[in-house]
Amino acid sequence: MFRLPELPYPKTGLAPFLNEEQMSFHFDKHHKAYIDNLNKFIDTDASLKGKSLEEIVVSSSGGIFNNAAQIWNHTFYWFGLCPQGKGGKPSDSLMAAITKDFGGLDQLKEKFIDGGMKTFGSGWIWLCADAAGKLSLVSTSNAAVPFTGGGPRPLLTADVWEHAYYVDYRNARQKYLETFWGHINWKFVSDNFESNQVLSLTKSMTA
Ligand code: MN
């Protein structure tokens, strides 16, 4: 059985990027609903019991996949954020990769936001790295994650479902993404770059 993760900051800690009402709907209602739904599936499907969240994500389809993947995506999204001014900067090795593959941090920001703007409908924009450390931007629809089917490991994601920003930003997805950029936890991103594997989020969501 899974539960909501503990956020690494108070629920008001991201304001005014994400205000309390936005956080309450997104974390306490949307994210929690995916957890409640997956727990119902686990209750009635013995093959899911004891599996890690990552194992469920890469081996399921349909409603089980949609809920499990959305749990993974949201927890990863929250862990990649931090209060303004606390985010630090990319590690030296991540910065070298950003310079090599994008030309620099400003260019990565521009391409990341552009990728988020071009993600049609509901989805996610991801900064990823392959096994050789090559960076790429990946846009996914609905619940899809980059790492199924041998895809690259995520380093950072922004939720671009309307529910992620509509309370605070209405239809201004661009402003949401630009403000997002100032709240990135670069230690989290750098750790994901250096770990060379998909981050396991299971422990942070099980008792
Ligand atoms: Mn969301």
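Everything numeric here is computed off the predicted structure, so don't read it as measured data.

Go over the overall build of the protein chain, please, and point to the residues and values.
Along the backbone of the protein chain there are eight helices and three strands. What you see in the protein chain, going N to C, is helices and strands ordered as α-α-α-α-α-β-β-β-α-α-α. Against the compact-globule benchmark of 17 Å for 207 residues, the protein chain has a radius of gyration of 16 Å, which places it among compact chains. Projecting the C-alpha coordinates of the protein chain onto the three principal axes gives extents of approximately 50 × 40 × 30 Å. Taken over 207 residues, the protein chain has a buried fraction of 49%. Contacts spanning at least 24 positions in sequence make up 72% of the contacts within the protein chain whose residues lie at least 6 apart.

Lay out the environment of K134 in plain terms, naming residues and giving numbers.
Along the chain, the position of K134 falls in the loop between strand 1 (123-129) and strand 2 (135-141). On the basis of relative accessibility, which here comes to 45%, the residue K134 falls in the partly exposed class. Along the primary structure K134 and I98 are separated by 36 residues, whereas in three dimensions their C-alpha atoms are 9.0 Å apart. A polar atom in the side chain of K134 sits 3.4 Å from the side chain of D101.

So what's going on with the environment of S136? Which residues, and what values?
In this fold, S136 is placed in strand 2. Residues S136 and P154, 18 residues apart in the sequence, show an inter-C-alpha distance of 9.5 Å. If we skip the residues at most four places from it in the chain, S136 touches F102, W126, L127, C128 and P152.

Go over unusual backbone geometry, please, and point to the residues and values.
Geometrically, the link from A15 to P16 is a cis peptide bond, its omega value of 0 degrees lying close to zero. Summarising the element assignment, P16 is placed in the segment before helix 1 (20-44). The phi dihedral of N142 falls on the positive side, at around 55 degrees, and the residue is not glycine. Along the chain, N142 falls in the loop between strand 2 and strand 3 (153-159). Unusually for a residue other than glycine, N196 sits at a positive phi of about 65 degrees. Locating N196 in the fold gives a position in the segment after helix 8 (186-195). We classify N196 as partly exposed; its relative accessible area is 48%.

Run through the pairing of strand 2, naming residues and quoting values.
As defined by bridge partners, strand 1 adjoins strand 2 across seven bridges and the pair is classed as antiparallel. Within the sheet, the bridge partner assigned to G123 lies in strand 2 and is S141. Following strand 1, the chain reverses through five residues before pairing antiparallel with strand 2; G133 in that reversal takes a positive phi of roughly 85 degrees.

Now, about the packing of aromatic side chains: what can you tell me, with residues and values included?
One pass over the structure, following the stated rule, counts 19 aromatic pairs. Ring geometry for Y77 and W78: centres 5.0 Å apart, planes at 50 degrees, overall tilted. Assigned by exposure class, Y77 and W78 land together as buried.

Residue-level account of the state of the cysteines, with values.
Should the sulfur atoms of two cysteines be covalently bonded, the bond is a disulfide. In this structure the tally under the stated criterion is zero disulfides. This cysteine, C128, is not joined by any disulfide, and C82 carries the nearest cysteine sulfur, 20 Å off. For C128, a relative accessible area of 0% gives the class buried.

Please set out helix 4 (residues 92-102) residue by residue, giving values where relevant.
Residues of helix 4 that are buried: L94, A97, I98 and F102. The arc that holds every buried residue of helix 4, seen down its axis, measures 105 degrees, which confines them to one face. Turned more than 90 degrees away from the buried face of helix 4, the exposed residues are D92 and K100. Residues of helix 4 that are buried make contact with helix 5 (105-118), strand 1, strand 2, strand 3 and helix 8. Where helix 4 ends, the next residue or the one after it, G103, has phi of about 100 degrees, a positive value.

I'd like a rundown of the nonpolar core, residues and numbers included.
By size, the foremost hydrophobic cluster in this structure holds 64 residues, and its most contacted members are L18, W78 and L135. If you tally residues by element for this core, the top one is helix 3 (residues 62-79), at 10 residues. Inspection of this core shows a minimum of three residues originating in each of domain 1 (20-79) and domain 2 (92-198).

Basis of the calculations
Residues numbered from 1 in each chain as written. Predicted model: local features only at pLDDT ≥ 70, side-chain atom pairs only at ≥ 80, totals over all residues. Heavy atoms only, no water. Helix = DSSP H or I, 4+ residues; strand = E, 2+ residues; numbered from the N terminus. Rg over C-alpha atoms; globule rule 2.2 N^0.38 Å. Buried < 20%, exposed > 50% of the residue type's maximum accessible area, 1.4 Å probe, protein only. Contact = heavy atoms within 4.5 Å. Polar contact = N/O pair within 3.5 Å; in protein donor to acceptor, adjacent residues only side chain to side chain. Pairing = 2+ DSSP bridges. Phe/Tyr/Trp six-rings, centres within 6.5 Å; stacked < 30°, edge-to-face > 60°. Disulfide = S-S within 2.5 Å. Arc of directions from axis to C-beta. Core = buried A, V, L, I, M, F, W, Y, C linked by side-chain atoms within 4.5 Å. Domains from an automatic or database assignment.

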